[in-house]
Amino acid sequence: QGEVKLTGTIIDSLDKEQKLQIIFNFEPINFHSRFTKDTNFTIILEEPELETITNTANNITLGQKINLKTKLKNSSLVNFNNVKLNFVYPEEFNYLSAKPEPFEDNNEWIMMEVPAQSESSELKIEGSFPTTLTFQTEDDRYKEFTIQIQLLGKDDQYYTVKEDKVSLQIIDQTLNTY
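Residues numbered from 1 in each chain as written. Predicted model: local features only at pLDDT ≥ 70, side-chain atom pairs only at ≥ 80, totals over all residues. Heavy atoms only, no water.

Considerations on the pairing of strand β11 (residues 142–152)
And step 1. Along β11, 8 of the 11 residues are buried, which leaves the element largely enclosed by surrounding structure.
And step 2. Bridge analysis of strand β6 (residues 80–88) against β11 gives 5 bridges, and the strand direction is antiparallel. Bridged to Phe87 within β11 is Ile147.
And step 3. Note that β11 and strand β12 (residues 158–170) share 11 bridges and pair antiparallel. Paired with Tyr142 across the bridge in β12 is Gln169.
And step 4. The hairpin formed by β11 and β12 contains 5 residues between the paired strands, and Asp155 there has a positive phi angle of roughly 55°. (Buried < 20%, exposed > 50% of the residue type's maximum accessible area, 1.4 Å probe, protein only. Helix = DSSP H or I, 4+ residues; strand = E, 2+ residues; numbered from the N terminus. Pairing = 2+ DSSP bridges.)

Some words on the side chain of Gln150
And step 1. Following the sequence through the fold, Gln150 ends up in strand β11.
And step 2. With a relative accessible area of 9%, Gln150 lands in the buried category.
And step 3. At 3.0 Å, the side chain of Gln150 forms a polar contact with the side chain of Thr160.
And step 4. Setting aside chain neighbours within four positions, we find Gln150 in contact with Asn82, Val83, Lys84, Asn86, Tyr158, Tyr159 and Thr160. (Polar contact = N/O pair within 3.5 Å; in protein donor to acceptor, adjacent residues only side chain to side chain. Contact = heavy atoms within 4.5 Å.)

Things to note about the pattern of salt bridges
And step 1. Applying the stated criterion across every chain yields a total of 9 salt bridges.
And step 2. The residue Lys143 makes a salt bridge to Glu92 at a minimum N-O spacing of 3.3 Å. With Lys143 in strand β11 and Glu92 in the loop between β6 and β7 (94–99), this residue pair connects regions lying 51 residues apart in the sequence.
And step 3. Classification of Glu92 by relative accessible area gives partly exposed; the value is 26%.
And step 4. Among the ionic pairs, Glu138 bridges to Arg141, the shortest N-O distance being 3.4 Å.
And step 5. Note on Glu138: relative accessible area 52%, which makes it exposed.
And step 6. One connected set of salt bridges, linked through shared partners, spans Lys65, Lys124 and Glu126. (Salt bridge = Lys/Arg side-chain N within 4 Å of Asp/Glu carboxyl O.)

So, in structure tokens, the structure goes:
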């Protein structure tokens, strides 16, 4: 009589139910017959304990350089590899530069290793909104950045497992009088 423990990580869309089948084949040392036992069960995937920590100004003016400083925090007991951060910028945002350089286009970065209970190094994105931008309503002054945390799953496909949002408000430039 023995016990077998299987552990692992399944990465897929969170809205999918996973059906697992485990098949054990064994042959006792002193008995020349093969035995098989199988079992099936269903699991629901949980959101990993990953989050982004982003610092930026709450209010900016048109043409002002914006610095988005982002770190990835892993609060779980699982090490993650090849974590992709995908930034979805507001339509009018002008990307200027980033450190480190993006993996693809101007909005994707790969974090090769994010150990359990740690934070990644800082990712810094610089950009601005054009001085010619106009607003129809006060709500148009609020701009939202979406940061998607994606994990590499089956068939080398990335799955979005979490989205964080950062918003800022574009204010009128104040006039200083002396």
